[in-house]
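Here are the chains, one letter per residue:
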Amino acid sequence: MFPRVKEEVEPCSFPQFPAIDRSFCYSDSSHGSHFSVKNSHEPYCTLESSSARGSYTVYNSSSNGSPMSQQKSQSNMSDLHHSPDNTYSSPISGSCITDDVSDLKGKLRELETVMLGPDCDIINSTISTEMDSWRLVTDAVSRRDLKQVLVSCAKSVSDNDLLTAQWLMDELRRMVSVSGEPIQRLGAYMLEGLVARLASSGSSIYKALRCKEPASAELLSYMHILYEVCPYFKFGYMSANGAIAEAMKDEDRVHIIDFQIGQGSQWITLIQAFAARPGGPPHIRITGIDDSTSAYARGGGLNIVAKRLSKLAALFKVPFEFNAAAMSGCEVQQEHLQVRPGEALAVNFAFMLHHMPDESVSTENHRDRLLRVVKSLSPKVVTLVEQESNTNTAPFFPRFCETLNYYTAMFESIDVTLPREHKERINVEQHCLARDVVNIIACEGPERVERHELMGKWRSRFRMAGFTPYPLSSLVNATIKTLLENYCDRYRLEERDGGLYLGWMNRDLVASCAWK
């Protein structure tokens, strides 16, 4: 961009980027871009450094800036503005750019004439386009338009314009806050994702930010707090349970395979519903599949879920059995599912399938493989609940914009139901949402495990595996509408194309459907 010709124009015509040593370089990789500056002594800190030491700092209510850590790291990313090579004494500022646009154009024109001769209309057009783009960026910075500056920074990262990216990151650090407005809070985590992408540290941050239990055993888990204050999970679980209850209303023996059982919260209401069934409850067997990340979140292995659900079933006099399968979905084979003759089978994919790599990542394509394995078991019903977002195969920049729009709606909805002064809100957002945001932005290839698809794509995958739609229950839909009356009226519920969609204002956030 423009700083590359700074020798021919006055210094104030550009943001005050430092003079860069010739050792400055950058290159693409599957993990993002790497760059370094010789003799720079102020490395920018990311979560990678703090997690490696076993601790990281959460901002208090008065904190501003990029989240979670203020320690020094040995990241490849450096603070260019404190480099000894910096020959400019004034701070970064975009104000003189808009003031001296005509002067800059004239100087660029003189330079073009000397280098290329008078016939350079194509170059003029390119310069004009870049000038217009540059003016929009500087205007956004001067107006403190956080959303536009985030987009501009991501575009600079996408284009490997690392000088502009670094400048905008410095501006963003002064604009974001984990305790501010929804866009400021989300911006803090998206900035962390951009920094991690350049430093190739996104995967380690994702692993460090597991949704764990609070320090006090008396408190609910952070995920459960989010479950209580936002209807997204309740909506998904309720719609899936309604389809399962409808399919199993005449069955005496029911086997439910849950591919990501978490803390088992989904099955509490279903066990209670089966207990109240006319003619008595069926015998229920649940196969719970989950990996070590969820084990960390609930403070132990699947035996904790088994004890919790077994105790509940005994209380309601429901015959119950639990089969634990401690593994990731990629490892699951048919023999792990222990299907028995005489049992009616229900399979639950709630917020899970988007973690499976597909044909764009792995030749094994576990996403479609699992669907074929499940279809071969002849289930009575298969339920799917997923975030309605398109981040799976999208290139970095459109993926960033999609993530920004999606999580803006999510953070705005949290702001309504969980007050900013709530002492656990920062931890809920950091441990349950920030890790996903960082992974989507910072990681590529197998390391990017948050790979959401729109319902239309899921519908195609299920049909290719041989499934047909299972009709939604009007009774369940009415129950969910009643549930939403307890929340803000900006939530909306819509049924279309065989699916049920929960949204915030004009944005669909979660979709649910059933198959057989």
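Conventions and cut-offs
Per chain, the residues get numbers from 1 upward, laid out in the order the sequence is written. Side-chain atom pairs in this predicted model are given and counted only at pLDDT of 80 or more, local residue features only at pLDDT of at least 70, and totals for whole chains, interfaces and linings cover all residues. Neither water nor hydrogens contribute to the side-chain values; these are computed over all heavy atoms in the structure. Put simply, DSSP H or I for four residues or longer makes a helix, DSSP E for two residues or longer makes a strand, and each gets a number counted from the N terminus. Note on classification: 1.4 Å probe, protein chains only; a residue is buried when its accessible area is under 20% of the maximum for its type, exposed when over 50%, partly exposed between these limits. In this description, accessible areas are obtained by the Shrake-Rupley approach with a 1.4 Å probe, and a residue is regarded as covered only by the protein chains that are shown. Geometry is summarised by axes, namely lines fitted to C-alpha atoms with helices restricted to the contacting stretch, and by angles between N-to-C directions that run from 0 to 180 degrees. Throughout, the term roughly parallel applies to angles under 35 degrees, roughly antiparallel to angles over 145, roughly perpendicular to angles from 65 to 115, and oblique to all others. Note on convention: near helix rotated counterclockwise from far helix by under a right angle means a left-handed crossing. Clockwise means right-handed. Contact between two residues is taken to exist if any of their heavy atoms lie within 4.5 Å; hydrogens are not considered. Between any two strands, at least two bridges found by DSSP are needed for them to pair. Each residue is assigned to one class: nonpolar for Ala, Val, Leu, Ile, Met, Phe, Trp, Tyr, Cys and Pro, charged for Asp, Glu, Lys and Arg, and polar for all the others, Gly among them. With strands facing away from the observer, any crossover in which the path from the first strand over the helix to the second runs clockwise is taken as right-handed.

A. Spotlight on the overall build of the chain. When you go through the chain residue by residue, the secondary structure sums to 18 helices and ten strands. Expressed as a percentage of its 516 residues, the buried residues of the chain come to 57%. Taken as a whole, the chain presents about 22,000 Å² of accessible surface, with 51% of it coming from carbon and sulfur.

B. Examining the packing of helix 11 (residues 266–275) against helix 13 (residues 302–315) more closely. Packing of helix 11 against helix 13 leaves a shortest axis separation of 10 Å and a crossing angle of 20°. One finds that helix 11 runs roughly parallel with respect to helix 13. The chirality of how helix 11 crosses helix 13 is right-handed. Between helix 11 and helix 13, the residues in contact are Trp-267, Ile-268, Ile-271 and Gln-272 and Leu-309, Leu-312 and Ala-313, respectively.

C. Representation of the environment of Leu-270 within the structure. Here Leu-270 is to be found in helix 11. You can call Leu-270 buried: its relative accessible area is 3%. Every residue in contact with Leu-270, bar those within four places of it in the chain, is listed here: Asn-241, Ile-244, Ala-245 and Ile-256.

D. Just unusual backbone geometry, in detail. With phi around 55°, Arg-144 is a residue other than glycine that occupies positive phi space. By the secondary structure assignment, Arg-144 is in the loop between helix 4 (121–143) and helix 5 (146–158). Arg-144 gets classed as partly exposed once you look at its relative accessible area, which sits at 48%. Here Asn-365, not a glycine, exhibits a phi torsion of approximately 50°, which is positive. Its place among the elements puts Asn-365 in the loop between strand 6 (344–350) and helix 14 (366–375). Take Asn-365: its relative accessible area is 12%, and that puts it in the buried class.

E. Seen up close, the sheet that holds strand 8 (residues 491–496). If you trace the eight strands from one edge of the open sheet to the other, you get 5-4-3-6-7-10-9-8, paired in mixed fashion. Each having just a single partner strand, strand 5 (320–326) and strand 8 make up the two edges of the open sheet. Neighbour-to-neighbour, the strand axes of this sheet turn through a mean angle of 15°, independent of strand direction. Here strand 3 (residues 253–258) pairs with strand 6 via five bridges, running parallel. Following the sheet pairing, Val-254 is matched in strand 6 by Ala-344. Of the strands in this sheet, strand 7 (381–387), strand 8, strand 9 (499–504) and strand 10 (507–515) touch helix 15 (residues 396–417), which is tilted by about 95° from strand 10. Along the sheet, helix 17 (residues 455–464) makes contact with strand 6, strand 7, strand 9 and strand 10, crossing strand 10 at roughly 15°.

F. Region of the structure containing the packing of helix 5 against helix 15. Packing of helix 5 against helix 15 leaves a shortest axis separation of 9 Å and a crossing angle of 155°. With respect to each other, helix 5 and helix 15 are oriented roughly antiparallel. In this structure, the crossing between helix 5 and helix 15 has a hand that is right-handed. Contacts between helix 5 and helix 15 involve Lys-147, Leu-150, Val-151, Ala-154, Lys-155, Val-157 and Ser-158 from the first element and Phe-396, Phe-397, Phe-400, Cys-401, Leu-404, Asn-405 and Thr-408 from the second. Residue composition of the contact of helix 5 with helix 15, by class: nine nonpolar, three polar and two charged.

G. Region of interest: the pairing of strand 7. Among the seven residues of strand 7, seven are classified as buried, and the element is accordingly described as predominantly covered. Of the two faces of strand 7, the one holding Val-381, Thr-383, Val-385 and Gln-387 and the one holding Val-382, Leu-384 and Glu-386 are both buried throughout. Sheet topology places strand 6 next to strand 7; five bridges connect them, and they run parallel. The partner of Ala-350 across the bridge, within strand 7, is Val-385. As a crossover connection, the stretch from strand 6 through helix 14 into strand 7 is right-handed. As judged from the six bridges shared by strand 7 and strand 10, these two strands associate in the antiparallel manner. Within strand 10, the residue paired with Thr-383 across the bridge is Ala-514.

The analysis is restricted to geometry; functional conclusions fall outside its scope.
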